[in-house]
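# Examination of the molecular architecture
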Amino acid sequence: MIGQGSDDDFDPHDVTQTLHVPDLTVPGDRALPSHFRVYLEQLDGDKVSRRIPVPKVRSILGRVGGDADIKLDDPLMSRKHAAIEVLGSAFIQLWDLASRNGTFVNDARITSLRRLAAGDVIGLGTTKLRVAVVLGRG
């Protein structure tokens, strides 16, 4: 089953494989605990152009004009492009929401649920976001 191994285990032509994504009916709109904060640092080359707080346990990333929790001005992004879920300071996961242009982590396209670590770079359209975790109130 996909979601138990790495992205390398996924074969998009094998119809017997099951793509695992989290149950979106589970409440994910809870606020994050106060003892850590997760940010997405929007990169302009190697420099951080802005620091975006992940607002809740499960947040949707999408382009401006859509119904996303984190809205980015990128015409190559879908209105609901990807979802990020923060279950702890060391347990962050990301998945694509069937976007047209795909979701990337460290320049590799993801095809299933992907666990993230601080420093990983998410690619959505032309936007690059680096994951940052701050212990304390950030």
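Below is a short write-up of the structure. The structure displayed is predicted, hence computed values, not measured ones. (Residues numbered from 1 in each chain as written. Predicted model: local features only at pLDDT ≥ 70, side-chain atom pairs only at ≥ 80, totals over all residues. Heavy atoms only, no water.)

## A word on the pattern of salt bridges
The test is simple: Basic side-chain nitrogens of Lys or Arg form a salt bridge, by our definition, when they fall within 4 Å of a carboxyl oxygen of Asp or Glu. Think of it this way: any DSSP run of H or I at least four residues long counts as a helix, any run of E at least two long counts as a strand, and we number them from the N terminus. Using a 1.4 Å probe on the protein chains alone, a residue whose accessible area is under 20% of its type maximum counts as buried, one over 50% counts as exposed, and one in between counts as partly exposed.
Applying the stated criterion across every chain yields a total of four salt bridges. In this structure, R130 and E41 form a salt bridge, with 2.9 Å as the shortest nitrogen-oxygen distance. Residue R130 is found in strand 11 (residues 127-135), and its partner E41 is found in strand 1 (residues 36-44); the two are separated by 89 residues along the sequence. The exposure class of R130 is partly exposed, given its relative accessible area of 25%. A salt bridge links D107 to K128, with the nearest nitrogen and oxygen atoms 3.3 Å apart. Placement of D107 in the loop between strand 7 (103-105) and strand 8 (108-109) and of K128 in strand 11 is noted, with a sequence separation of 21 residues between them. Taking the relative accessible area as the measure of exposure, D107 reaches 63% and is therefore exposed. On the basis of relative accessibility, which here comes to 33%, the residue K128 falls in the partly exposed class.

## A look at the pairing of strand 11
For a regular strand, the rule is simple: side chains alternate between the two faces of the sheet. The criterion, for reference: Any two strands are treated as partners once DSSP identifies two or more bridges connecting them.
Taken together, the seven bridges between strand 1 and strand 11 define a ladder with antiparallel strand orientation. In the sheet register, R37 faces strand 11, and the bridge partner there is V134. Pairing between strand 10 (residues 121-124) and strand 11: four bridges, direction antiparallel. Along strand 11, the bridge assignment pairs G123 with K128.

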